[in-house]
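# Architecture and fold: a report
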Amino acid sequence: MKLAASAVRPISSRPPATKTMAIPRPEGSARASRPAALLQAVLEEAERASRAVDRLARYAELAVRVGTNVQPGQTLFVLGEPEHAPLLRALVEAGWLAGAGDVQCLYHDEHVRRLHAIHAPEELLDRTPGWRETAALAAAGAALVFVIGDSDPALFHDVDGSRASRAEPRRQREIAADLTARQATAWTVIACPTEGW
């Protein structure tokens, strides 16, 4: 039997290119379950994040409504470090929702205070600028939420202890102590965990 020359091909030549199609995999296969597992993981993480936000909002509401018992129309001051920002924002929202007349969020940065303790001249260590004294006096009749939680507990380890302890506005501390002693403010202190804490 004789074969046509066109039907014979050398062994080393490749077959002609053909279009390939993806073969659907059965539902139980490992490849089919990867996207489903990924989607499940994403949904679970979204649920955890949602619960965390809900807990944060409830914690903030507890601090504002119970801790300070903010009254309709009363000014609310919220104070904390930049690392506390998510909680501070939740407190601000809780204040508005509780009917506060005004809500002010004030940040204090311990890294800046450390630099002040290291570099400020002796006579400026515990100074209180006029605007801070005015702000402290404005807290009379207001509600205050102080958020604590060191972002870096060892931040002042290399700073002279006497300078570090004085590197805060003295007059502002005196005003705050007086307002507290006279019960002229409604205040509470709450904790906020941080990476360094």
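Each remark here, short or long, concerns the structure printed above.
Residues numbered from 1 in each chain as written. Predicted model: local features only at pLDDT ≥ 70, side-chain atom pairs only at ≥ 80, totals over all residues. Heavy atoms only, no water.

### Here's the deal with the sheet that holds strand β4 (residues 186–191)
Two orientations exist for strands paired in a sheet by backbone hydrogen bonds: parallel and antiparallel. What counts here: Any two strands are treated as partners once DSSP identifies two or more bridges connecting them. Numbering goes from the N terminus for both helices and strands, where a helix is a DSSP run of H or I of at least four residues and a strand is a run of E of at least two. Angles run from 0 to 180 degrees between N-to-C directions of axes, and those axes are lines fitted to C-alpha atoms, restricted for helices to the stretch in contact.
Pairing is parallel in the open sheet, where four strands are placed in the order β2-β1-β3-β4. The open sheet terminates on both sides in strands that have one partner only, identified here as β2 (102–107) and β4. Across the sheet, the mean angle separating the axes of adjacent strands is 15° when strand polarity is ignored. Strand direction decides the pairing type here: strand β1 (residues 75–80) and β2, joined by six bridges, are parallel. The partner of Gly80 across the bridge, within β2, is Tyr107.

### What to know about the side chain of His84
Selection rule: Every residue pair with non-hydrogen atoms within 4.5 Å of one another is taken to be in contact.
By the element assignment, His84 lies in the loop between β1 and α2 (85–97). The contact partners of His84, leaving out residues within four places of it in the chain, are Val147, Ile148, Gly149, Cys192 and Thr194.

### Overview of the environment of Thr128
Put simply, the rule is: Any N or O atom pair separated by 3.5 Å or less is treated as a polar contact, with the protein-specific requirement of one donor-capable and one acceptor-capable atom, and with residues adjacent in sequence counted only for side-chain atom pairs.
Here Thr128 lies in the loop between α3 (110–119) and α4 (130–138). As a C-alpha pair, Thr128 and Arg171 span 43 residues in sequence and 5.7 Å in three-dimensional space. Here Arg170 takes part through its backbone nitrogen, which lies 3.4 Å from a polar atom of the side chain of Thr128. Engagement of the side chain of Thr128 in a polar contact is seen with the backbone nitrogen of Gln172, the distance being 3.3 Å.

### Looking at the pattern of salt bridges
Working definition: two side chains of opposite charge can pair if their charged atoms are close together. The line we're drawing: Salt bridges, as used here, are contacts in which a Lys or Arg side-chain nitrogen is within 4 Å of a carboxyl oxygen on Asp or Glu. Burial status follows relative accessibility: with a 1.4 Å probe on protein chains alone, a residue under 20% of its type maximum counts as buried, one over 50% as exposed, and anything between as partly exposed.
A complete count under the given rule lists 12 salt bridges for this structure. The partner of Glu61 in a salt bridge is Arg65, and the shortest N-O contact between them spans 3.2 Å. Taken together, the residues span about one helical turn, with Glu61 and Arg65 both in helix α1 (residues 30–67) at a distance of four residues. Of the residues examined, Glu61 reaches a relative accessible area of 39% and is grouped as partly exposed. One salt-bridge network, in which partners are shared between bridges, spans Asp126, Glu133, Arg170, Arg171 and Glu174.

### Quick word on the nonpolar core
For clarity, the threshold we go by: The definition of a nonpolar core used throughout is a set of buried Ala, Val, Leu, Ile, Met, Phe, Trp, Tyr and Cys residues joined through side-chain atoms within 4.5 Å.
Among the nonpolar cores identified, the biggest contains 20 residues, and Val64, Val70, Leu76, Leu91, Val145, Val147 and Ile190 are the most heavily contacted of them. Elements with a minimum of two residues in this core: α1, β1, α2 and β3 (143–148). Considering every element that reaches this core, the biggest residue donor is α2, with six residues. Leave out the neighbours within four places in its chain, and Leu91 touches Ala60, Ala63, Val64, Leu76, Val78, Val145, Val147 and Ile190. Counting nine residues, the second-largest nonpolar core is a separate cluster that includes Phe77, Leu79, Ala142 and Leu144.

### Some remarks on helix α6 (residues 170–181)
Selection rule: Residue count minus one, scaled by 1.5 Å, sets the expected span of a helix.
The terminal C-alpha atoms of α6, which comprises 12 residues, lie 16 Å apart, in line with the 16 Å expected from a rise of 1.5 Å per residue. Once α6 ends, the next one or two residues include Gln183, with phi positive near 55°.

### Considerations on a negative patch on the surface
To keep it simple, the criterion reads: Distance thresholds for patches are 9 Å for like charges and 5 Å for nonpolar side chains (Val, Leu, Ile, Met, Phe, Trp, Tyr), applied to residues having over 30% relative accessible area and no salt bridge. Accessible surface is estimated by sampling points in the Shrake-Rupley manner with a 1.4 Å probe; for residues, cover comes only from the protein chains shown. This count recognises Lys and Arg as positive and Asp and Glu as negative, with His and chain-terminal groups excluded. In plain terms, the charge of a residue is placed at NZ if it is Lys, CZ if Arg, CG if Asp and CD if Glu.
The grouping of Glu83, Asp109, Asp150 and Asp152 at the surface amounts to a negative patch. Take Asp109: it is sitting in the loop between β2 and α3.

### Some thoughts on the environment of Leu56
Checked against the element boundaries, Leu56 lands in helix α1. For the pair formed by Leu56 and Leu88, sequence separation is 32 residues and the distance between their alpha carbons is 9.8 Å. Apart from the residues within four sequence positions on either side, Leu56 is in contact with Pro86, Leu87 and Ala90.

### Overview of the side chain of Thr188
Looking at the element boundaries, Thr188 is found in strand β4. Its relative accessible area of 14% is what places Thr188 among the buried residues.

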